[in-house]
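# Fold and geometry: a report
Here is how the chains run, residue by residue.
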Amino acid sequence: MPLACLESLLAAEVSPQIPDNGSAPLLVDVHVFVSNVFDVNILQYTVSSALLLRLSWFDPHLSWHETTDPRSSITLPSNLLWTPDLTIREGLSVEWREHNPRARVSRKGFVELYTAVTTKTNCDFELLRFPSDKSDCNLSFYAFSNTVEELAFHPHAVNEIVSVKREYMVRGLKAQVPDQQLVPCFQVTLSLENTAIKTTMALVVPGVAILLADICGSLLPLKATERISYKVTLLLGYLVFHSSLVQALPSSSSCNPLLISYFTVLLILLSLSTMETVLMSGLLARGNFSPKSRPNPASREVLDTANPKPRSEESQRRVEGPRKTWVEAMDHIFLLMYAAIIGCSQIIFVIVWVWWECKSDPPPATDIPHGGKPKI
């Protein structure tokens, strides 16, 4: 077929049809080049990425003989050819950079098409161990205009990200064709890993520092009024830190980040420490200023005339001394128990962080198979 007749025939075709491959479906070889993952939003569960797709297939009707035209290949607008109409299932916003890219057609009938896409897709992040989390995000490409008897994909994925100055890194890339597909499709899986050391230092270190500061504040004597103000100030400052932390971490129906539980336990410990300080200070003040411990003015004059002054101070210490010793002993015991509880809580948290596995709730689609009749 002369090349001029080929171009005129393609130009006259209103809606190009998929090439006929006999009884077998047309096999389209797909290479997905991931060039950038520029936005990972864990609060909205979204990932923005830039992809380059290379599609190639064989159409014998587009081949020509060397004697007809010596050129080995030509380029044609993609609207003159049949091309797969791809839709990303997880896509919240998809932008194809060229609405009518040009395709290269070889003399033997092989068609090669390059197209670039920038997409914002949904991703189910596994944030149990945030900020050391790892998640798999899927990009499912569907060709709804064709059937599985007409079209099949052979996908490949290539990681072309060259920048390392980012919070989430693409550690793995996999392309596959899902099982039991109703329409032609293929799936690209991005394995993302959080490498933000800054986030770890900004979250874990302040919590440990607040616990150490609280233990050091418990070493202040109960008589010092600065101890209560120190504890209350530390608790209020941690409340501000806790509220900002809860807003910065996402909430989920299952498998919430362990850091939320960790910092909630720290809040309970700081509250108990502050309440203990207030209680012991109140008992100490009640012991100092209770009517039983106040000497009577009349008896004081008799004691002053009958006994020397050092003996009066000694009797006063005998009245106040046992109560002060009991309160201070209870405060000392609480400090030892508090330090032991903090140490045990840190060890338990490390064990839970390393060994505990959380299974997310199954999605609703697992109860109702795709294409099945929903239960009413």
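Summarised in this report is the structure supplied together with it. Position labels on residues start from 1 in each chain and follow its written sequence. For a predicted model such as this one, the threshold for reporting local features is a pLDDT of at least 70, and the threshold for listing and counting side-chain atom pairs is 80 or more; totals across whole chains, interfaces and linings nevertheless cover every residue. Hydrogens and water are ignored here; the side-chain numbers use all heavy atoms of the structure.

The next thing to look at is the packing of helix α2 (residues 197-218) against helix α3 (residues 226-248). Interaxial angles span 0 to 180 degrees and are taken between N-to-C directions of axes, which are lines fitted to C-alpha atoms, for helices over the stretch in contact. In this text, helices come from DSSP runs of H or I with a minimum length of four residues, and strands from runs of E with a minimum of two, each type numbered from the N-terminal end. For the pair α2 and α3, the least separation of the axes is 10 Å and the interaxial angle reads 165°. The orientation of α2 relative to α3 falls into the category roughly antiparallel. The handedness of the crossing between α2 and α3 comes out as left-handed. Touching Ala202, Leu203, Pro206, Ile210, Ala213, Asp214, Gly217 and Ser218 of α2 are Arg227, Tyr230, Lys231, Leu234, Tyr238, Phe241 and Leu245, all from α3. The nonpolar class holds Ala, Val, Leu, Ile, Met, Phe, Trp, Tyr, Cys and Pro. Asp, Glu, Lys and Arg form the charged class, and all remaining residues, Gly among them, are polar. The class makeup of the residues in the contact of α2 with α3 is 10 nonpolar, 2 polar and 3 charged. What sets the label is the angle itself: under 35 degrees gives roughly parallel, over 145 gives roughly antiparallel, 65 to 115 gives roughly perpendicular, and the rest give oblique. Left-handed describes a crossing whose near helix is turned anticlockwise from the far helix by less than a right angle; the clockwise case is right-handed. Here, two residues are considered to be in contact whenever any of their heavy atoms come within 4.5 Å of each other.

With that out of the way, let us pick up the sheet that holds strand β8 (residues 134-142). What the 4 strands build is an open sheet, ordered β4-β8-β11-β10; its pairing is antiparallel. Strands with a single pairing partner mark the edges of an open sheet, and in this sheet they are β4 (87-88) and β10 (168-176). Following DSSP output, two strands are said to pair if at least two bridges run between them. Relative to strand β11 (residues 185-194), β10 is paired through 8 bridges, and the arrangement is antiparallel. Across the sheet, Leu173 pairs through a bridge with Leu190, a residue of β11.

Below, the discussion takes up a nonpolar patch on the surface. Surface patches are drawn from residues lacking salt bridges whose relative accessible area is over 30%; two like charges belong together within 9 Å, two nonpolar side chains (Val, Leu, Ile, Met, Phe, Trp, Tyr) within 5 Å. Residue exposure ignores everything except the shown protein chains as possible cover, and the areas themselves are Shrake-Rupley values with a 1.4 Å probe. Here, a salt bridge means any Lys or Arg side-chain nitrogen found within 4 Å of an Asp or Glu carboxyl oxygen. A grouping of Ile228, Val232, Leu236, Leu239 and Val278 is seen on the molecular surface, where their side chains present a nonpolar patch of about 370 Å² in accessible area. Per element, the largest residue contribution to the nonpolar patch is 4 residues, and it comes from α3. Among the structural elements, Val278 can be located in helix α4 (residues 258-289).

Right, let's talk about the environment of Tyr230 for a bit. Mapping Tyr230 onto the fold places it in helix α3. Note: C-alpha distance between Tyr230 and Leu220 (10 residues apart in sequence) is 9.7 Å. Filtering out sequence-adjacent residues up to four positions away, Tyr230 remains in contact with Ala213 and Gly217.

A few words now on α2. Here α2 contains 22 residues, and its C-alpha end-to-end distance of 32 Å stays within 8% of the 32 Å for a straight helix at 1.5 Å per residue. For the exposure calls, accessible area comes from a 1.4 Å probe over protein chains only, and a residue counts as buried if that area is under 20% of its type's maximum, exposed if over 50%, partly exposed in between. If you check which residues of α2 are buried, you get Thr199, Leu203, Gly207, Ile210, Leu211, Asp214, Gly217 and Ser218. Expected span, for any helix, means 1.5 Å times one less than how many residues it has.

To count as a disulfide, a pair of cysteine sulfur atoms needs to be within 2.5 Å. Scanning the entire structure with this criterion turns up 2 disulfides. A sulfur-sulfur distance of 1.9 Å marks the disulfide that ties Cys123 to Cys137. Taking the sign of the S-S torsion, -75° for the link of Cys123 and Cys137, the bridge is left-handed. Placement of Cys123 in the loop between β7 (110-122) and β8 and of Cys137 in strand β8 is noted, with a sequence separation of 14 residues between them. Residue classification places Cys123 among the buried residues on the basis of a relative accessible area of 2%. Among the residues examined, Cys137 registers a relative accessible area of 4% and is labelled buried. Here Cys255 pairs with Cys358 through a disulfide, and the sulfurs are 1.9 Å apart. Measuring handedness by torsion sign, the sulfur bridge of Cys255 and Cys358 sits at about -90° and is left-handed. Here the residue Cys255 occupies a position in the loop between α3 and α4, and Cys358 occupies one in the segment after α6 (309-355), the gap between them amounting to 103 residues.

With that out of the way, let us pick up the pairing of β7. For a regular strand, side-chain orientation follows a simple rule: the groups alternate between the two sheet faces. The sheet contact formed by strand β2 (residues 46-58) and β7 spans 13 bridges and is antiparallel. Note that in β7 the partner of Ala50 across the bridge is Thr118. Relative to β7, strand β5 (residues 91-96) runs antiparallel, the two being bridged by 5 bridges. The partner of Val94 across the bridge, within β7, is Thr119.

Note that all results are geometric; they support no functional claim without further evidence.
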